[in-house]
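Understanding the architecture of this molecule
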Amino acid sequence: MKVSVIVPVYKTEQYLSACMDSLLKQTYKDIQILLIDDGSPDKSGEICEEYAKKDPRVAVSYTHLTLPTT
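Reading the values: rules and limits
- Residues numbered from 1 in each chain as written.
- Predicted model: local features only at pLDDT ≥ 70, side-chain atom pairs only at ≥ 80, totals over all residues.
- Heavy atoms only, no water.
- Phe/Tyr/Trp six-rings, centres within 6.5 Å; stacked < 30°, edge-to-face > 60°.
- Lys NZ or Arg CZ within 6 Å of the ring centre and 35° of its normal.
- Pairing = 2+ DSSP bridges.
- Helix = DSSP H or I, 4+ residues; strand = E, 2+ residues; numbered from the N terminus.
- Axes fitted to C-alpha atoms, helices over the stretch in contact; angles between N-to-C directions.
- Contact = heavy atoms within 4.5 Å.

Quick notes on the packing of aromatic side chains
Following the criterion strictly, the structure yields zero aromatic pairs and no others. Geometry around Y51 places K54 over its ring, the cationic atom sitting 4.5 Å from the centre.

Pasting the structure below:
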């Protein structure tokens with residue numbers, strides 16, 4: 001059974017590599033890691049792309065959610 005892990009990415013440059021290294025070292029190998037970048041202004045997107053290029057279990061999605069202001 002495939003397990004999907006969804007990782008929200010916004011200003012996570014400082015922690016993202018440690019998170020991804022931990023996920024990729026899991027003993028259960030039938031996983032899919034979905035990195036959802038919501039327009040992070042730091043280098044998180046570049047880090048996501050590096051991991052996606054290195055491992056086929058990693059996919060990156062870019063979205064720019066805008067919340068209504070009141």
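Quick look at the sheet that holds strand β1 (residues 3-9)
Spatial ordering of the open sheet is given by β1-β2-β3, a layout of three strands whose pairing is parallel. One side of each edge strand has no neighbouring strand; the edge strands of this open sheet are β1 and β3 (58-62). Each strand axis lies, on average, 20° off the axis of its neighbour in the sheet, ignoring direction. Pairing between strand β2 (residues 31-37) and β3: five bridges, direction parallel. Within β3, the position partnered with I33 by the bridge is V58. Along the sheet, helix α1 (residues 13-24) makes contact with β1, β2 and β3, crossing β2 at roughly 165°. Across the face of the sheet, helix α2 (residues 44-54) comes into contact with β1, β2 and β3 while running at roughly 150° to β3.

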